Amino acid sequence: MKIFVGNLSFNTTENDLTDLFTPFGPVESASIITDRDTGRSKGFGFVAMSDEDAAKAISSLSGKELDGRNLTINEARPMVKREFSDRSRGGGGGGGRGRY
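Residues numbered from 1 in each chain as written. Predicted model: local features only at pLDDT ≥ 70, side-chain atom pairs only at ≥ 80, totals over all residues. Heavy atoms only, no water.

1. Section: the nonpolar core
Phase 1: In this structure, Ile-3, Val-5, Leu-17, Phe-21, Val-47, Met-49 and Ile-73 are the most contacted members of the largest nonpolar core, which totals 18 residues.
Phase 2: Residue assignment for this core shows that the elements contributing at least two residues are strand S1 (2–6), helix H1 (14–21), strand S2 (27–34), strand S3 (41–49) and helix H2 (51–61).
Phase 3: With four residues, H2 is the single largest residue contributor to this core.
Phase 4: For Met-49, the residues in contact, after removing those within four places along its chain, are Met-1, Ile-3, Phe-21, Phe-24, Gly-25, Pro-26, Val-27, Glu-28, Ala-54 and Ala-57. (Core = buried A, V, L, I, M, F, W, Y, C linked by side-chain atoms within 4.5 Å. Buried < 20%, exposed > 50% of the residue type's maximum accessible area, 1.4 Å probe, protein only. Helix = DSSP H or I, 4+ residues; strand = E, 2+ residues; numbered from the N terminus. Contact = heavy atoms within 4.5 Å.)

2. Description of the packing of aromatic side chains
Phase 1: Inspection of every chain in the model, using the stated rule, returns three aromatic pairs.
Phase 2: A centroid spacing of 5.8 Å and a plane angle of 35 degrees characterise the contact between Phe-4 and Phe-44, whose relative ring orientation is tilted. Here the residue Phe-4 occupies a position in strand S1, and Phe-44 occupies one in strand S3, the gap between them amounting to 40 residues.
Phase 3: Classification of Phe-4 as partly exposed rests on a relative accessible area of 23%.
Phase 4: Residue classification places Phe-44 among the partly exposed positions, given a relative accessible area of 25%.
Phase 5: Between the aromatic rings of Phe-44 and Phe-46, the centroid separation amounts to 6.0 Å while the plane-to-plane angle is 90 degrees, which identifies the pairing as edge-to-face.
Phase 6: For Phe-46, a relative accessible area of 19% translates into the label buried.
Phase 7: Counting every residue linked through ring pairs, the aromatic cluster contains Phe-4, Phe-44 and Phe-46.
Phase 8: Its guanidinium or amino end placed over the ring of Phe-46, Lys-2 lies 5.0 Å from that ring's centre, counting from NZ or CZ.
Phase 9: Against the face of Phe-10 rests Arg-40, its NZ or CZ located 4.0 Å from the ring centre. (Phe/Tyr/Trp six-rings, centres within 6.5 Å; stacked < 30°, edge-to-face > 60°. Lys NZ or Arg CZ within 6 Å of the ring centre and 35° of its normal.)

Right, here's the structure in full:
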């Protein structure tokens, strides 16, 4: 199961996440999502572990403090691909220009 871990301090490392979840069972992977341009943490990440261990970790760690921040922890949901309208991409009609 993949676990979403939110409200992370920008100083939290992937090793910190692994150490936090290891008492509940083997951690398959731990990753912190970073900004593509700056490389800075976006303040959330994901941990993968077995379903049974993940359930224990979620119930025990939700709201726990790490690096001075109360964590948001729950089962990760699949990423939803966003559809963009012409307006959100900056395209679309000009409107209001009058006659040719």
